[in-house]
Amino acid sequence: MAEPIDETCWAYMKLLREHDRTKKIYPVDPYAEVFQFRENLYGILTESLDGMGDSWMYLTIGPEKALLVDTSFGLGNLKGLVEELTGGKEVIVVNTHSHFDHAYGNAQFDRVYCHEYEAPVIRQQDAHIWDYLFEEGTGRGIWAEFDRDDLIPFKAYEVVACPDGYTFDLGDGYEVELVHMGGHSAGHAGYLDKKNRILFAGDDVISMRVGISGPKPGKPFGEYATVTALRDNLRKLAARMDEYDSVFTGHFVTDLENTTVKNMLDACEAVCTDPEHNYTYRGERNGMIQYFRYVEGLGTLCYNEKSV
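Attention here is on the structure that accompanies the text. (Residues numbered from 1 in each chain as written. Predicted model: local features only at pLDDT ≥ 70, side-chain atom pairs only at ≥ 80, totals over all residues. Heavy atoms only, no water.)

### Side note on the sheet that holds strand β14 (residues 256–257)
Put simply, the rule reads: Each pair of strands is called paired provided DSSP finds at least two bridges between the two strands. Elements are defined by DSSP. Helices are runs of H or I of four residues or more, strands are runs of E of two residues or more, and each kind is numbered from the N terminus.
Judged by pairing direction, the sheet is mixed, and its 6 strands sit side by side in the order β8-β9-β10-β11-β13-β14 without closing on themselves. Of all the strands in the sheet, just β8 (167–169) and β14 have a single pairing partner and so form its edges. When strand β10 (residues 189–193) meets strand β11 (residues 198–202), the two strands line up antiparallel, connected through 3 bridges. The partner of tyrosine 191 across the bridge, within β11, is phenylalanine 200.

### Brief notes about the packing of aromatic side chains
Inclusion rule: Pairing of aromatic rings covers Phe, Tyr and Trp, the last counted by its six-membered ring, and requires centre-to-centre distances within 6.5 Å; plane angles under 30 degrees mean stacked, over 60 mean edge-to-face, and any other angle means tilted. In this scheme, a residue with accessible area under 20% of its type's maximum is buried, one over 50% is exposed, and one in between is partly exposed, where area comes from a 1.4 Å probe on protein chains only.
This structure, assessed with the given rule, holds 24 aromatic pairs. Look at phenylalanine 35 and phenylalanine 37: their rings are 6.3 Å apart centre to centre, the planes differ by 15°, and that puts the pair in the stacked class. Residues phenylalanine 35 and phenylalanine 37 agree in their burial class; the two are buried. Members of the aromatic cluster, connected to one another through ring pairs, are Phe35, Phe37, Trp56, Tyr58, Phe200 and Phe248.

### Quick notes on the pattern of salt bridges
For clarity, the cut-off: The rule for a salt bridge is simple: a side-chain nitrogen of Lys or Arg has to be within 4 Å of a carboxyl oxygen of Asp or Glu.
In total, this model carries 19 salt bridges according to the counting rule given. Among the ionic pairs, glutamate 33 bridges to lysine 23, the shortest N-O distance being 3.6 Å. Of this pair, glutamate 33 sits in strand β1 (residues 32–38) while lysine 23 sits in the loop between α1 (6–19) and β1, and the two are 10 residues apart along the sequence. The class of glutamate 33 is buried, set by a relative accessible area of 12%. Between aspartate 255 and arginine 38 there is a salt bridge whose closest N-O contact spans 3.0 Å. Of this pair, aspartate 255 sits in the loop between β13 (246–249) and β14 while arginine 38 sits in strand β1; the two residues are 217 residues apart in sequence, bridging distant segments of the chain. Residue aspartate 255 is classed as partly exposed on the basis of its relative accessible area of 31%. Here the salt bridges do not stand alone but share partners, grouping Glu175, Glu177, Lys194, Arg240 and Glu243 into one network.

### As for the nonpolar core
Our working rule: The criterion is simple. A nonpolar core is a set of buried Ala, Val, Leu, Ile, Met, Phe, Trp, Tyr and Cys residues joined through side-chain atoms within 4.5 Å. Should any heavy atoms of two residues lie within 4.5 Å, those residues are considered in contact.
With 34 residues, the main nonpolar core has Val227, Leu234, Leu237, Tyr244, Met264 and Leu301 as its most contacted residues. Residue assignment for this core shows that the elements contributing at least two residues are β11, α5 (227–238), α6 (259–273) and β17 (300–303). In terms of residue count, the dominant contributor to this core is α6 (7 residues). Not counting the four nearest positions on each side in its chain, leucine 301 is found in contact with Val210, Ile212, Val227, Met264, Ala267, Cys268, Val271, Tyr291, Phe292, Arg293 and Val295. In this structure, Phe37, Leu67, Cys162 and Leu178 belong to the second largest nonpolar core, which totals 25 residues.

So, in structure tokens, the structure goes:
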């Protein structure tokens, strides 16, 4: 099912990847495309390995330390790339959430930080996390062609569970704050770069479809993986719009105006008020009815009867 701004998003990505003058591919990790969005901020784009949309990672370089937001699938030498970009500075690695395309590169690092509600899921990773990408018996990629040997082998790493409001200091008072958002996953977090006035919003504010699927069996804190939880947290973020100018997303069009947070909040408010009627269109997937609400300047908010 096509999203309302599919064509615009793909056109943006094509122009960015073919014409942005800052784009560079480093030999240490040829799977990653690196863009310089600010003097001390790099966007790292990687191809989707499971057909769900190419993923953004972001590297902010502070006076003493750097902060890497998300780690994608773990294809290619991300750690080596980050070391080259930072000049060898200590790197703090954080996750917006636990999904494959944002956290499966964690194992290249020794320690990763996330919101406390997401930590139990991230700790479930093991050496088999990539098996679903390949045809059984053939070893061929189902959605993308790449050398399986270029997936950096899994190793155990420390997962540090952080509360809402936890602050990372990159040196000389350069602070980045973890902001709990919920919605797309129970412990989904944004990261507020206070100096650059940027909110890294992961998959809770993107220009295609923001999916809210609701509580999942066996996963804790399911009440936060809802439209209601996202609405409540977006209310807090909308009240802080004087602290950030730009929103950097987990997929597709990025470096959006801060008003997109208010637009997403408006969509959540409408859905929470009357989910059975305040949708724009609906469809069926895997036997479940999905509802889609247009979000001004973005794409859609997708929900089901169990996820409001």
